[in-house]
Amino acid sequence: VNAIIRPPRAEYSVDLLGPTEFTIQQLGFKREDLELTNELGKRLVCSHWKPMDRFRVKSEMPCIVYLHGNASCRGEALECLPSILTAGFTLFSLDL
């Protein structure tokens, strides 16, 4: 049998990802949403959370890439967002 069982992708509104600008511990952050196209021509929707320019302490910052669980979405990354951003990292998440 040549079959792959895959649960359907999570369907959600971008509102689930929260505001595009927000504060944590009196520091300002922003979310930038973008789309990438993979080698197969499939569209990948992504979000990159990072400090607002005036709160950025370095021009280059380490980035954690968050890959969500099966049948979930990039909104799953919100759970760890505060600890990652306040530790000096940016966070990139995408829907696969």
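Shown above is the structure to which this text applies.
Note that the coordinates shown come from a computational prediction; the quantities given were computed from them, not determined experimentally.

Draft legend 1. Focus on the side chain of S93. Following the sequence through the fold, S93 ends up in strand β5 (residues 90-94). S93 gets classed as buried once you look at its relative accessible area, which sits at 0%. A polar contact is formed between the side chain of S93 and the backbone oxygen of Y66, at a distance of 3.3 Å. Every residue in contact with S93, bar those within four places of it in the chain, is listed here: V45, C46, S47, W49, Y66, R74 and A77.

Draft legend 2. Broad picture of the environment of R54. Looking at the element boundaries, R54 is found in the loop between β3 (43-51) and β4 (63-67). A sequence separation of 26 residues divides R54 from G28, and the C-alpha atoms of the two residues are 8.1 Å apart.

Draft legend 3. Focus on unusual backbone geometry. The backbone phi angle of Q25 is positive, close to 50 degrees, even though this residue is not glycine. Mapped onto the fold, Q25 is located in the loop between β1 (21-24) and β2 (27-37). Not every positive phi belongs to a glycine, and Q26 is a case in point at roughly 65 degrees. Counting through the fold element by element, Q26 comes out in the loop between β1 and β2. By relative accessible area, which is 74% here, Q26 ends up exposed.

What counts and how
- Residues numbered from 1 in each chain as written.
- Predicted model: local features only at pLDDT ≥ 70, side-chain atom pairs only at ≥ 80, totals over all residues.
- Heavy atoms only, no water.
- Helix = DSSP H or I, 4+ residues; strand = E, 2+ residues; numbered from the N terminus.
- Buried < 20%, exposed > 50% of the residue type's maximum accessible area, 1.4 Å probe, protein only.
- Polar contact = N/O pair within 3.5 Å; in protein donor to acceptor, adjacent residues only side chain to side chain.
- Contact = heavy atoms within 4.5 Å.

These values are about where atoms sit, not about what they do.
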